[in-house]
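Spelled out, the chains give:
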Amino acid sequence: MFHGTITEELTSHEEWKKIKRFCFVKFNGLHLKSMENLQSCISLRVCVVSNNFITDIYPLQSCIKLIKLDLHGNQIKSLPDTKFWSGLKNLKLLYLHDNGFAKLKNICVLSACPNLIALTMFDCPVSLKKGYRHVLVNSIWPLKALDHHVISDEEIIQNWHLPERFKACNHRLFFNFCPALRKEKMKHSEV
């Protein structure tokens, strides 16, 4: 059974054989700097590698079955090219908030991800840029939610003005698709 960090427990050949069958991994706050060992996880569907020191996600290119990828709270400043994202045909949820993305041009490669419906980029320098939501919403066509808000028609269709309740980022369109784990739930599950 796999319990610890990637580098400590996956030292034997038998453990490496098992990793190919993993469909869920969670490496929260383990001070990881690399994801190289995850490239063998070809059956991976859910990958949570948040709050680490990751800078490069390219090793995940062989994880083509990914549905959810949580990379928030790392030190990622740029994303792989469109070829990488077009290979992740099943990816629907992508959490990239609290990273170092500064340029919209680097984020637009996500438009190659054919089924991405929810994305978080808040708390990144790029989210402070003028037109940030407009550019992402209009370049990632399947996207339905960005940074905790359902995408409104007004964001997609320029010069269309809707009533206040349907405007972009209205509180009625708030949707928390990446809720934080509550401490009492974590304590209960450890027992």
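All of the points below concern the structure found in this document. A quick note: this is a predicted structure, and the numbers were derived from the prediction, not measured. (Residues numbered from 1 in each chain as written. Predicted model: local features only at pLDDT ≥ 70, side-chain atom pairs only at ≥ 80, totals over all residues. Heavy atoms only, no water.)

We now examine unusual backbone geometry. Non-glycine residue H31 carries a positive phi angle of around 60 degrees. Using a relative accessible area of 56% as the deciding quantity, one classes H31 as exposed. In this structure, D98 is a non-glycine residue whose phi angle is positive, near 60 degrees. (Buried < 20%, exposed > 50% of the residue type's maximum accessible area, 1.4 Å probe, protein only.)

Let's shift gears to the nonpolar core. In terms of nonpolar packing, the biggest core is built from 43 residues, with C47, I57, W85 and L119 touching the most fellow members. Among the elements that take part in this core, helix α5 (residues 132–139) stands out by supplying three residues, more than any other. Other than its neighbours up to four places away in sequence, C47 contacts V25, M35, L38, L60, L66, K68, L69 and D70. (Core = buried A, V, L, I, M, F, W, Y, C linked by side-chain atoms within 4.5 Å. Helix = DSSP H or I, 4+ residues; strand = E, 2+ residues; numbered from the N terminus. Contact = heavy atoms within 4.5 Å.)

Quick look at the sheet that holds strand β5 (residues 118–120) now. Read from one edge to the other, the open sheet built from seven strands follows the order β1-β2-β3-β4-β5-β6-β7, with strand pairing classed as mixed. In this open sheet, the two edge strands, each paired with only one partner strand, are β1 (24–26) and β7 (149–150). (Pairing = 2+ DSSP bridges.)

Moving on: the packing of aromatic side chains. By the definition in use, this model includes two aromatic pairs. Members of the aromatic cluster, each reached through a chain of ring pairs, are Y58, F84 and W85. (Phe/Tyr/Trp six-rings, centres within 6.5 Å; stacked < 30°, edge-to-face > 60°.)

What follows covers the side chain of S50. Looking at where S50 falls in the secondary structure, it is placed in the loop between β2 (46–48) and β3 (68–70). Residue classification places S50 among the buried residues on the basis of a relative accessible area of 0%. At 2.4 Å, the side chain of S50 forms a polar contact with the side chain of N28. Setting aside residues up to four positions removed in sequence, S50 forms contacts with F27, N28, G29, D70, H72 and N74. (Polar contact = N/O pair within 3.5 Å; in protein donor to acceptor, adjacent residues only side chain to side chain.)

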